[in-house]
Amino acid sequence: MSEDIQTPVMEMLAAMQAGPVISRDDAREAILIHDEDLPHVALPDGSTLQVLHVDLNQNLWIVRNKFKPGFGIDTHYHTGPVFAVTQSGEWFYKEYPDKVNKTGSYLFEPAHSVHTLTVADDATEDAVVWFAIYGSNVNIDDEGSVTSVLDAKTILNVYRALCAAEGKSCDKLIVVGE
């Protein structure tokens with residue numbers, strides 16, 4: 001590195017080491033959610049939904065689902081990317097039956113990827129999956145027509161209503177933008 005560049009770079013590195021690069025004046029503590037802090041609410045087939053975090057400003061919803069053997073979700077796509085971590089069990093997309101998500105698997109779905117989440121009828125355990133979903137979930141029929149749309153606000157309202165119906169508190173749910 002030439003000496004005329006090295007001096008400003010070294011000065012910048014020294015300044016960075018002298019104090020924080022990013023001000024922490026408005027920093028807050030991290031928020032930890034244990035599994036037992038938020039309820040798993042029942043879905044009609046006996047599977048469950050646990051909403052962990054909703055950011056209404058970004059249309060982001062982070063959930064944990066427990067899907068029963070034989071579970072299936074309507075064919076759909078998302079308007080943003082989705083990130084999934086399988087915590088236990090197995091599941092796959094009907095469109096890609098050879099790509100089975102197993103315990104410890106990580107899945108990235110680009111926006112507009114069309115898929116049908118499926119748990120095999122003969123699965124020996126529930127599939128427990130953590131999802132971070134940006135954008136809306138657009139359900140479609142066999143002809144590709146939109147049948148319904150879910151977004152962060154809808155999921156938040158549904159989860160709160162299901163918690164209330166079961167007499168459970170979701171006060172520890174992280175909600176941004178409300």
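You'll find the structure just up there.
Here is what the cut-offs are and how they apply
- Residues numbered from 1 in each chain as written.
- Predicted model: local features only at pLDDT ≥ 70, side-chain atom pairs only at ≥ 80, totals over all residues.
- Heavy atoms only, no water.
- Salt bridge = Lys/Arg side-chain N within 4 Å of Asp/Glu carboxyl O.
- Helix = DSSP H or I, 4+ residues; strand = E, 2+ residues; numbered from the N terminus.
- Buried < 20%, exposed > 50% of the residue type's maximum accessible area, 1.4 Å probe, protein only.
- Pairing = 2+ DSSP bridges.
- Axes fitted to C-alpha atoms, helices over the stretch in contact; angles between N-to-C directions.
- Core = buried A, V, L, I, M, F, W, Y, C linked by side-chain atoms within 4.5 Å.
- Contact = heavy atoms within 4.5 Å.

(A) The arrangement of the pattern of salt bridges in detail. Within the structure shown, the criterion is met by five salt bridges. The salt bridge involving D35 is made with R64; its shortest N-O contact spans 3.5 Å. One end of the pair, D35, is in the loop between α1 (3–18) and β1 (41–42); the other, R64, is in strand β3 (residues 60–67), with 29 residues separating them in the sequence. Across the pair K172 and D37 runs a salt bridge, and its minimum N-O distance is 3.7 Å. Taken together, the residues K172 in the loop between α2 (152–165) and β13 (174–176) and D37 in the loop between α1 and β1 connect sequence positions 135 residues apart. The exposure class assigned to K172 is exposed, which follows from its relative accessible area of 51%.

(B) The arrangement of the sheet that holds strand β11 (residues 137–140) in detail. Ordered in space as β4-β11-β12, the three strands form an open sheet in which the pairing is antiparallel. Each edge of the sheet is formed by a strand with only one pairing partner; in this case those strands are β4 (76–78) and β12 (146–150). When strand polarity is set aside, the average angle formed by the axes of neighbouring strands in this sheet is 20 degrees. Across three bridges, β4 lies against β11 in antiparallel orientation. Counterpart to H78 in the pairing with β11 is N137.

(C) How the structure looks around the nonpolar core. Counting residues in hydrophobic clusters, the biggest one holds 31 residues, and the most contacted among them are V51, F67, W91, F131 and Y159. Listing elements by their share of this core, those giving two or more residues are β2 (48–55), β3, β5 (82–88), β6 (91–93), β10 (127–134) and α2. Among all residues touching F131, those that are not within four sequence positions of it are W61, I62, V63, N65, F67, V82, F83, A84, W91 and L117.

(D) Local environment of the sheet that holds strand β7 (residues 96–101). Pairing within the open sheet is antiparallel, and its three strands lie in the order β7-β6-β9. For this open sheet the edge positions go to β7 and β9 (117–118), each flanked by a neighbour on one side alone. Where β6 lies against β9, two bridges are found, and the strand directions are antiparallel. Following the sheet pairing, Y93 is matched in β9 by L117.

(E) How the structure looks around the environment of N59. Within the fold, N59 resides in the loop between β2 and β3. Along the primary structure N59 and D151 are separated by 92 residues, whereas in three dimensions their C-alpha atoms are 6.5 Å apart. With residues near it in sequence (within four places) discarded, N59 still touches I133, Y134, G135, S136, D151 and A152.

(F) Region of interest: the pairing of β5. Two strands pair when backbone bridges link them, and β5 and strand β8 (residues 106–109) are joined in this way by four bridges, in the antiparallel orientation. Within the sheet, the bridge partner assigned to F83 lies in β8 and is F108. Note: β5 against β10, six bridges, orientation antiparallel. Bridge pairing links F83 to A132 in β10.

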